[in-house]
Amino acid sequence: MTSTHPILPAEQIRAGQAPLLSPPVLRPPADLFARRAARLRQLADGHAMADFLRLCATLCDRQQTLLDAAAAPSLAPEWLATLLRQLAEGLAGQLPAPAQTALDQLTSLPPAALQTVASALSEGAINDDAPLAALPLLGAALQVQYTAYHRARPLPQPDHQTERCPCCGGLPLASVLTRGDSGHAQRHALCALCGHAWPVGRVRCLGCGNSRDLRYYSLAPQDYEPPEPDHQRPHQTRGAQEVEACGECHGALKQVSLLQDPDAEAGADDLASLALDLLAGEAGYARLGFNPLFLPGT
Ligand SMILES: [Zn+2]
Ligand SMILES: [Zn+2]
């Protein structure tokens, strides 16, 4: 009897010619920022940075309002300037004085000048002339713009791991572990800008592709030493928030596990685990990508 089974021969799968077996790019949920705000408030209780996390939650609420109201999203500098102004109006009286002063400077820039600052920021860089304390607010406006614009566009289907977001070219904010349809854990990188999440290897550095010399840091007692990598059981004894640190390129990427905590939300859990970035930084690892709501040095 001749087989007409549609499954690809094993040798083709081994040769990596089965892109449809990869999990798809995931769209951000319509209530992305509301979920982030709720998670931030949950994590703020008893947290050493509670005030910061609650301020971020207020900012995320405002982002959600603007995303809900986005009728004709575009990447035009004029719309970014409008979003930043609307964000600022919604936060009046709630910002620390230095941030409010910096925000006033930023909103007074003409759209083209604002776009120059935003272009640097979208690469995680800080423009020397920019009012630093307001840059996270510009990052928040950029997130609304990119999320609204790219949610309305067709989803790409990357057939190999990419370091940058296949939707907008953005850098990663963090990576997320979830349970896939097959029941196995799968991992996506979450875009810092447009909120889409693209499939990446479960145990593979996003910066250089290394899959062997990886360490995982989590918040644990001060004398904690990360265990030797175990490729048979890569995700045992883990917390919901970790940093994956690469021994090859010395890049570090936050990993947020919904397997460990179904309430986790990468953008929020990343902000609540900035101590992990310090830990990895002290060990000589540089963060891959960034979180627009927290820019070191601002
Ligand atoms: Zn993106
Ligand atoms: Zn690497």
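For the structure, see preceding data.
Residues numbered from 1 in each chain as written. Chains lettered and ligands numbered in written order. Predicted model: local features only at pLDDT ≥ 70, side-chain atom pairs only at ≥ 80, totals over all residues. Heavy atoms only, no water.

A.B. asks: Please clarify how the layout of surface pockets should be interpreted in this entry.
C.D. replies: Empty space among the atoms becomes visible once a probe the size of a water molecule is rolled across them. Space inside the second largest pocket adds up to approximately 410 Å³. Sort the elements by how many residues they give to the lining of the second largest pocket and helix H2 (residues 32-44) lands first, with four residues. Along the lines of polarity and charge, the residues of the lining of the second largest pocket split into twelve nonpolar, four polar and five charged. Of the residues that make up the lining of the second largest pocket, three or more belong to each of domain 1 (32-151) and domain 2 (172-287). (1 Å grid on protein atoms, 1.4 Å probe; cavity = no way out; pocket = protein on both sides within 12 Å on 5 of 7 lines; lining within 4 Å. Points joined across faces, edges and corners; volume = space filled by probe spheres on them. Helix = DSSP H or I, 4+ residues; strand = E, 2+ residues; numbered from the N terminus. Nonpolar A, V, L, I, M, F, W, Y, C, P; charged D, E, K, R; others polar. Domains from an automatic or database assignment.)

A.B. asks: I'm lost on the packing of aromatic side chains in this one. Help?
C.D. replies: The geometry of two aromatic rings is summed up by the distance between their centres and the angle between their planes. Evaluated as defined, the whole model comprises two aromatic pairs. Centroid distance Phe52 to Phe294: 6.1 Å. Interplanar angle 80°. Geometry classified as edge-to-face. Taken together, the positions of Phe52 in helix H3 (residues 50-69) and Phe294 in the segment after strand E7 (286-287) put the pair 242 residues apart, joining distant regions of the chain. Under the relative-accessibility criterion, Phe294 is labelled partly exposed at 32%. (Phe/Tyr/Trp six-rings, centres within 6.5 Å; stacked < 30°, edge-to-face > 60°. Buried < 20%, exposed > 50% of the residue type's maximum accessible area, 1.4 Å probe, protein only.)

A.B. asks: Before we go on, may I ask you to explain the coordination of the zinc ion (ligand 1) in this structure?
C.D. replies: Geometrically, a metal with four donors at the corners of a regular tetrahedron has ideal angles of 109.5 degrees, and one with six donors at the corners of a regular octahedron has ideal angles of 90 or 180 degrees. Coordination of the zinc ion (ligand 1) by the protein comes from Cys165 (SG), Cys168 (SG), Cys191 (SG) and Cys194 (SG), over a distance range of 2.2 to 2.4 Å. One way to put it: the four donor atoms around the zinc ion (ligand 1) meet at angles of 97 to 116°, and that makes the site tetrahedral. Mapping the donors of the zinc ion (ligand 1) onto the primary sequence yields the spacing C-x2-C-x22-C-x2-C. Here Cys194 lies in the loop between strand E2 (185-191) and strand E3 (197-200) and Cys168 lies in the loop between helix H7 (135-151) and strand E1 (172-179), a separation of 26 residues in the sequence. The exposure class of Cys194 is buried, given its relative accessible area of 0%. (Donors = N, O, S within 2.8 Å, 3.2 Å for Na, K, Ca; no water. Tetrahedral: all angles 85-135°; square planar, octahedral: opposite > 155°, others 65-115°.)

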